[in-house]
Amino acid sequence: MSKILQLSMVVLLMGSLAACGTSKTSNETTTNETVKEETTNKGNETVKEEETTTEKTPTKNEHKIELADDVADKIAEMKEVKKAHVFVTNKNAYVAVELKEGVNGDKALEDKIADHVRTENAHFKNVYVSLNPDFVKEMTQYGEKIRANEPIEGFYEEFTNTLKRVFPNAH
């Protein structure tokens, strides 16, 4: 009889442990951080109370585009450049450059601008530069939307399609 009781206890214990190990099924992951731990005495027993906060961790489905206006301002200080826009996604910098009148753009100038961008922010993994006026116009519009706090989800797909079209080798 004691073997049946032992077996029942093992099955019960395994079932309760399995229930504690279930995983989340949503696309969001969370991190719990212990903020405060208090110990209180209630009669003869000591009870630990923990207060926790839940922090949202970005998932793959969340879209993030940042403007690097400080870097764009430094690029605009170059003698060949009239205006620049720098967008950052996943540590990649996408640079749209409007040249001053009379300046001819070429691969050497694009490389010079890319080097200047890397000098301003060494954390960029890749730097992609375009001198194409249509691209500059589109990036100006996206920058205005971001500054107006429009939800990125509303134009993210269009933005990424533009990047893929202009920079087909970018990953």
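Predicted model only: the values in this text are computed from it and were never measured.

Engineer: What exactly am I supposed to notice about the packing of helix α2 (residues 69–76) against helix α3 (residues 107–120) here?
Structural biologist: To characterise two packed helices, one gives the angle between the axes of the helices and the distance between these axes. Where α2 meets α3, the closest approach of the two axes is 10 Å, and the angle between their N-to-C directions is 135°. Here α3 runs oblique to α2, going by the angle between their axes. Note that α2 runs across α3; the crossing there is right-handed. Judged by residue contacts, Val71, Lys74 and Ile75 of α2 engage Ile113, His116, Val117 and Glu120 from α3. Partitioning the contact of α2 with α3 into residue classes produces four nonpolar, one polar and two charged.

Engineer: In this structure, what is going on with the sheet that holds strand β6 (residues 126–130)? I would like to understand it.
Structural biologist: Within a sheet, neighbouring strands are paired by backbone hydrogen bonds and run either parallel or antiparallel to one another. Strand order in the open sheet formed by four strands is β3-β4-β5-β6, with mixed pairing between adjacent strands. Since the sheet does not close on itself, it has two edges, and those belong to β3 (66–67) and β6, each with one partner. Note: strand β5 (residues 92–99) against β6, five bridges, orientation parallel. Note that in β6 the partner of Val95 across the bridge is Val129. Contacting β3, β4 (81–89) and β5, α2 runs over the sheet at an angle of about 155° to β4.

About the cut-offs
Residues numbered from 1 in each chain as written. Predicted model: local features only at pLDDT ≥ 70, side-chain atom pairs only at ≥ 80, totals over all residues. Heavy atoms only, no water. Axes fitted to C-alpha atoms, helices over the stretch in contact; angles between N-to-C directions. Helix = DSSP H or I, 4+ residues; strand = E, 2+ residues; numbered from the N terminus. Parallel < 35°, antiparallel > 145°, perpendicular 65-115°, else oblique. Left-handed = near helix turned anticlockwise from the far one by under 90°. Contact = heavy atoms within 4.5 Å. Nonpolar A, V, L, I, M, F, W, Y, C, P; charged D, E, K, R; others polar. Pairing = 2+ DSSP bridges.

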